[in-house]
Amino acid sequence: MSSSSSRRVTLLGATGSIGRSTLAVIARHSEAYELYAVTAQRSREALLEICLRFEPARAVIGTQHDAEWLRSRLQEAGLTRIDVCHGEAALLEVSQAPEVDTVMSAIVGAAGLLPTLAAVEAGKRVLLANKEALVMSGGLFMDAVSRHGATLLPIDSEHNAIYQCLPMQHRDGLSRVGVSRLLLTASGGPFREWSLAALETVTPDQACAHPNWSMGRKISTDSATMMNKGLELIEACWLFDATPAQVEVVVHPQSIIHSMVGYADGSVLAQMGNPDMRTPIAYGLAWPSRIDAGVEPLDLFAVSRLDFESPDEVRFPCLRLAREAMVAGGTAPASLNAANEVAVQAFLDGKLSFLGIARLVQATLEATEVRAADSLDVVLCEDARARQLAERLLHQRSFQRGRT
Ligand code: NAD
Ligand code: MG
């Protein structure tokens, strides 16, 4: 139970991979953090378990039907004081509630944008795991952060590493603090050494079996195509006010260095640790202090070596597509993200081949005009347009399964 000095947290996407890691860190420090609200889209059993264990003040689920189910299970357990709601409006409400200090944004995909932005507009401490929000609306999002005095802490391990390797004053501009480049590390995913011919045959289960990280199916697929690194390149440009040319991708198969910052004097600072999301989550919860995340200390003798390679954009064209979208600017990254979400879902549903993902994203972008991303309406409209276009292209003969 809480004390008056504990921080109240809304956990958006509590049943996911980041959600569970966040719960694990909070459980270790129950005197310091209190769950105000937990949310999930469909997994009602998992949300019920979380409610029984953590007794938050509020729970939000996708549909009214599931909300009623959850309410009666909680009633049976004697937990009638947990307020259960459903739908998008409730997500915005728990992100902005005056009782809340910290919002963990761990919904997957574009669905995370509006609740995350709501937390920013309420001036909260926002722990940003959901990268798609920033990819879609980067300039608008960062403007809102400064206008509303929100504290934005990156949770994506690479950006969290870069944040840790930058001096506090980096907001004044990277060159002012002597930064020459950001080195974004990538594991290379499960198919780093596969030939193009072998990549033709990749199944969803193979794509979701990441060698170093255990994650949700969407981001696991993005890691396998390297679209994840492309989205992260865009995310890094917005978070640190960098140009795409200042962000270098370095394949580092061991995932021990989580990213690096290169300085004008030749220094390169790296942040290292075992690949475990509880580390960046604990950093974000406790910043500027440090707390125990429950992660094993890094055993350098067991790691023994660190390898580095350059990425192969022929076998993994998604990285190039993302960089090109960032260079094109405006709504191009939002269209890229939308097309990718459609493509990844189609791949996971067995309707599109693995190599078809990049082809569908490219075809969508080639048929899309770039507009200035000067309002959220424009961004959401381009997101919807790219989704429709990608769905339409998906039904063309050339994208049918087995025809990549
Ligand atoms: P996940 O699929 O495991 O969980 C997603 C969560 O979002 C679930 O709680 C689900 O109920 C909720 N959700 C899904 N669709 C929703 C919708 N339409 N409306 C409201 N809620 C919805 O995903 P994850 O792997 O935990 O990733 C979450 C986010 O964090 C993603 O944006 C991902 O890119 C980012 N991220 C994840 C990791 C990781 O290690 N898993 C690392 C870095 C960044
Ligand atoms: Mg990452």
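*Asks:* With reference to specific residues and values, describe the site of ligand 1.
*Replies:* In the neighbourhood of ligand 1, 22 residues make up the surrounding shell, with Thr15, Ser17, Ile18, Gln41 and Glu132 lying closest. At 2.7 Å from an oxygen atom of ligand 1 is found a side-chain nitrogen or oxygen belonging to threonine 15. For ligand 1, the protein covers 86% of the area, taking 840 Å² as the surface of the free molecule. When residues of the shell around ligand 1 are traced back to their parent elements, those giving at least two are α1 (17–28) and α6 (131–147). For the shell around ligand 1, the residue count by class is 12 nonpolar, 7 polar and 3 charged.

*Asks:* Please provide a residue-by-residue account of the packing of aromatic side chains, values included.
*Replies:* Considering all chains together, one arrives at 4 aromatic pairs under this definition. Aromatic side chains tyrosine 163 and tyrosine 283 sit 6.3 Å apart centroid to centroid with 80° between the ring planes, which places their arrangement in the edge-to-face category. With tyrosine 163 in helix α7 (residues 157–165) and tyrosine 283 in helix α12 (residues 278–286), this pair connects stretches of sequence that are 120 residues apart. Assessed through its relative accessible area of 10%, tyrosine 283 is described here as buried. Seen from their ring centres, phenylalanine 191 and phenylalanine 354 are 5.3 Å apart, and the 80° between their planes marks the pair as edge-to-face.

*Asks:* Describe the sheet that holds strand β9 (residues 247–251), naming the residues involved and giving the relevant values.
*Replies:* Taken together, 4 strands build an open sheet; the order of strands is β9-β8-β10-β11 and the sheet is mixed. Looking at strand neighbours, the two that pair on one side only are β9 and β11 (268–272), the edges of this open sheet. Across the sheet, the axes of successive neighbouring strands diverge by a mean angle of 20°, strand direction being ignored. Of the strand pairs in this sheet, strand β8 (residues 179–186) and strand β10 (residues 257–263) are connected by 4 bridges, and their pairing is antiparallel. The residue of β10 that forms the bridge with valine 179 is tyrosine 263. Along the sheet face, α7 touches β8, β10 and β11 and points at about 40° away from the line of β10.

*Asks:* Tell me about the pattern of salt bridges, residues and numbers included.
*Replies:* Evaluation of the coordinates by the stated rule reveals 25 salt bridges. Notably, a salt bridge pairs aspartate 66 with arginine 44, separated by 3.1 Å at the nearest N-O pair. One end of the pair, aspartate 66, is in helix α3 (residues 64–76); the other, arginine 44, is in helix α2 (residues 44–54), with 22 residues separating them in the sequence. Looking at arginine 44, the relative accessible area reads 22%, which means it is partly exposed.

*Asks:* Give a detailed account of the pairing of strand β7 (residues 151–154), specifying residues and quantitative values.
*Replies:* With 4 bridges joining them, strand β6 (residues 125–128) and β7 adopt parallel strand pairing. Residue pairing for β7: leucine 127 is matched across the bridge by leucine 153. In terms of handedness, the path from β6 via α6 over to β7 forms a crossover that is right-handed.

*Asks:* I'd like to hear about the pairing of strand β4 (residues 83–86), residue by residue, with values.
*Replies:* Pairing geometry for strand β3 (residues 58–61) and β4, over 4 bridges, is parallel. What sits directly across from alanine 59, in β4, is valine 84. What joins β3 to β4 is α3, and the crossover it makes is right-handed.

*Asks:* Hey, could you go over the coordination of the magnesium ion (ligand 2) for me, with residue numbers and the actual values?
*Replies:* Protein-derived ligands of the magnesium ion (ligand 2) are Asp156 (OD), Glu158 (OE) and Glu232 (OE), with the metal-ligand distances lying across 2.1 to 2.2 Å. Taken in sequence order, the residues that donate to the magnesium ion (ligand 2) follow the motif D-x1-E-x73-E. In this pair, glutamate 158 sits in helix α7 while glutamate 232 sits in helix α11 (residues 227–240), placing the two residues 74 residues apart along the sequence.

*Asks:* Outline the environment of glutamate 121, listing residues and values.
*Replies:* Here glutamate 121 is to be found in helix α5 (residues 113–121). Here glutamate 121 falls in the partly exposed class, since its relative accessible area comes to 40%.

*Asks:* I'd love a proper account of the packing of α6 against α11, names of residues and values included.
*Replies:* Between α6 and α11, whose axes approach to 9 Å, the crossing angle comes to 20°. By the angle class used here, α6 and α11 are roughly parallel. The two elements α6 and α11 cross, and the hand of that crossing is left-handed. Contact residues: α6 offers Lys131, Leu134, Val135, Gly138, Gly139 and Met142, while α11 offers Asn228, Leu231, Glu232, Ile234, Glu235, Trp238 and Leu239. When grouped by side-chain class, the residues that make up the contact of α6 with α11 number 7 nonpolar, 3 polar and 3 charged.

*Asks:* Kindly report on a nonpolar patch on the surface, identifying the contributing residues and their values.
*Replies:* A surface patch of nonpolar side chains, about 350 Å² in accessible area, is lined by Met272, Leu300, Leu306 and Phe308. Position of leucine 300 among the secondary structure elements: in helix α13 (residues 300–303). Looking at leucine 300, the relative accessible area reads 49%, which means it is partly exposed.

About the thresholds
Residues numbered from 1 in each chain as written. Chains lettered and ligands numbered in written order. Predicted model: local features only at pLDDT ≥ 70, side-chain atom pairs only at ≥ 80, totals over all residues. Heavy atoms only, no water. Near = heavy atom within 4 Å. Polar contact = N/O pair within 3.5 Å; in protein donor to acceptor, adjacent residues only side chain to side chain. Areas by Shrake-Rupley, 256 points an atom, 1.4 Å probe, with all protein chains shown as cover. Helix = DSSP H or I, 4+ residues; strand = E, 2+ residues; numbered from the N terminus. Nonpolar A, V, L, I, M, F, W, Y, C, P; charged D, E, K, R; others polar. Phe/Tyr/Trp six-rings, centres within 6.5 Å; stacked < 30°, edge-to-face > 60°. Buried < 20%, exposed > 50% of the residue type's maximum accessible area, 1.4 Å probe, protein only. Pairing = 2+ DSSP bridges. Axes fitted to C-alpha atoms, helices over the stretch in contact; angles between N-to-C directions. Contact = heavy atoms within 4.5 Å. Salt bridge = Lys/Arg side-chain N within 4 Å of Asp/Glu carboxyl O. Right-handed = clockwise from strand over helix to strand, strands pointing away. Donors = N, O, S within 2.8 Å, 3.2 Å for Na, K, Ca; no water. Parallel < 35°, antiparallel > 145°, perpendicular 65-115°, else oblique. Left-handed = near helix turned anticlockwise from the far one by under 90°. Patch = residues over 30% accessible without salt bridge, like charges linked within 9 Å, V, L, I, M, F, W, Y side chains within 5 Å.

Read these as geometric descriptors, not functional statements.
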